[in-house]
Amino acid sequence: MIDFLKKQLFTVHQNGKQQVSDVFKYIGPGIIVTVGFIDPGNWAANLAAGASYGYELLWVVTLSTIMLILLQHNVAHLGIVRGQCLSECAYEFLPRYASRFVLSTAGIAAAATALAEFIGAAIALKMLFGIPILIGSSLTALICTVMLITNSYRKLERIIAGFVSLIALAYLVEVNMVNVDWAAAGIGWVDPNIPNTSMLVILSILGAVIMPHNLFLHSEIIQSRQFNTQDPAIMKRQLRYEFLDTLLSMGIGWMINSAMIILAAAVFFAHGIEVTELEQAEELLRPLIGPAAGIIFAIALLFAGFASSATAGMAGASIFAGMFGESYDMKDFHTRLGLALTYVPALLLIVFITDSFQALLFSQMFLSLQLPITIFLQLYMTSSRKVMGEYANRKFTNILLWSIGIIVTIMNIYLLIVG
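Residues numbered from 1 in each chain as written. Predicted model: local features only at pLDDT ≥ 70, side-chain atom pairs only at ≥ 80, totals over all residues. Heavy atoms only, no water.

Caption draft 1: Expanded view of the state of the cysteines. Scanning all chains against the criterion turns up 0 disulfides. For the unlinked cysteine Cys 85, the closest cysteine sulfur is that of Cys 89, found at 7.1 Å. Among the residues examined, Cys 85 registers a relative accessible area of 1% and is labelled buried. (Disulfide = S-S within 2.5 Å. Buried < 20%, exposed > 50% of the residue type's maximum accessible area, 1.4 Å probe, protein only.)

See the structure below:
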């Protein structure tokens, strides 16, 4: 009897260790997606929110992150169940003319995203080393191209996870350098207060969090964790672990975005200083809380620019490969051509840009136009039993997701009109 009990306890212990090990095997794809909503565009929106309204708009980060978790979790299910990304499914299940139109707009959106990310990294290089914007953008594109072509997915995942960790560390250090009103921050996270003239900033934060290229990207990179999709038990376990990965990763993004607003509230709002550009924020941090703060800010922005430029390239390459019914593979011609079609037009546009802030607004405007197309493409696919079989969205899930899609669409149309 004692030997039997020892054997059972050992089995439970081993199973527990195995489950913990399995969980960590699935952590990673969500981190790649997180980069998309801590990119330079988010920095500008969050700094403006904190500088102009203090802690009052922290709830927007909470709400938009919840919406993002639901959408990213849904599109990741598509990648796991089908073993195909969103662009491959569009190729297979839509008429050819429709799939080409949808994926072409998504590819342009990825290029517009890369434009903003290049500019963000270039601004950081200018802050740190005085490098002109065009040269800094070109260096960023070159470095990210080398990263994507020469590294396997797992290596690239670790590099980007390292970037995200450094960004989080930088903001942790800076938040600890200032006097934060944590009581006001706590209220701001949960109290949906809308101050006068704040609607444009609110919509900017929401629009910067949910991005079309991330929906394509998540459905592609989640497939790196697939083992045996024929076994229903393993499939259910994959879907469960994916949610943990998404929840953890989006939670990290929520903390970083919150930290941006908190820093701006504690430093700029407290001194009555309005911030409208990233360079201005870095310059003002130095005299207010010390020279180290400005350097930390610029370094974190540089890492954010590099990481988000890489993920924009991955998304663009995945979308273009999907137009031919192929998956993302940097050894494949269509994937590499997709990367070139994402990066090269962005660099060419930067040549003619004289106002980097206006360029960021232009890129956001196009993303606003394209986002509803991607969201409703995703919901059409994940709602279809022809596509998803028994894993198609249930009625309540459909109501929730379609409501989010409609809200995000209205929000982006409004942002486009008033912006």
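Caption draft 2: Just the layout of surface pockets, in detail. In this structure, the second largest pocket spans a volume of roughly 460 Å³. Looking at the second largest pocket, it is lined by 17 residues, and the ones nearest its centre are His 77, Tyr 391, Ala 392, Arg 394 and Thr 397. At the level of secondary structure, the elements contributing two or more residues to the lining of the second largest pocket comprise helix 4 (58–82), helix 12 (232–267), helix 17 (385–388) and helix 18 (395–418). Looking at the lining of the second largest pocket, the element that brings in the most residues is helix 4, giving 5 residues. Across the lining of the second largest pocket, the residue classes tally to 8 nonpolar, 5 polar and 4 charged. (1 Å grid on protein atoms, 1.4 Å probe; cavity = no way out; pocket = protein on both sides within 12 Å on 5 of 7 lines; lining within 4 Å. Points joined across faces, edges and corners; volume = space filled by probe spheres on them. Helix = DSSP H or I, 4+ residues; strand = E, 2+ residues; numbered from the N terminus. Nonpolar A, V, L, I, M, F, W, Y, C, P; charged D, E, K, R; others polar.)

Caption draft 3: Spatial organisation of the pattern of salt bridges. In this structure the tally under the stated criterion is 1 salt bridge. A salt bridge links Arg 82 to Glu 92, with the shortest nitrogen-to-oxygen separation between them at 3.3 Å. On the criterion of sequence distance, the pair formed by Arg 82 in helix 4 and Glu 92 in helix 5 (residues 86–93) is long-range, its members being 10 residues apart. The exposure class of Arg 82 is partly exposed, given its relative accessible area of 25%. The partly exposed category is assigned to Glu 92, whose relative accessible area is 41%. (Salt bridge = Lys/Arg side-chain N within 4 Å of Asp/Glu carboxyl O.)

Functional significance is not addressed by these values, which are geometric in nature.
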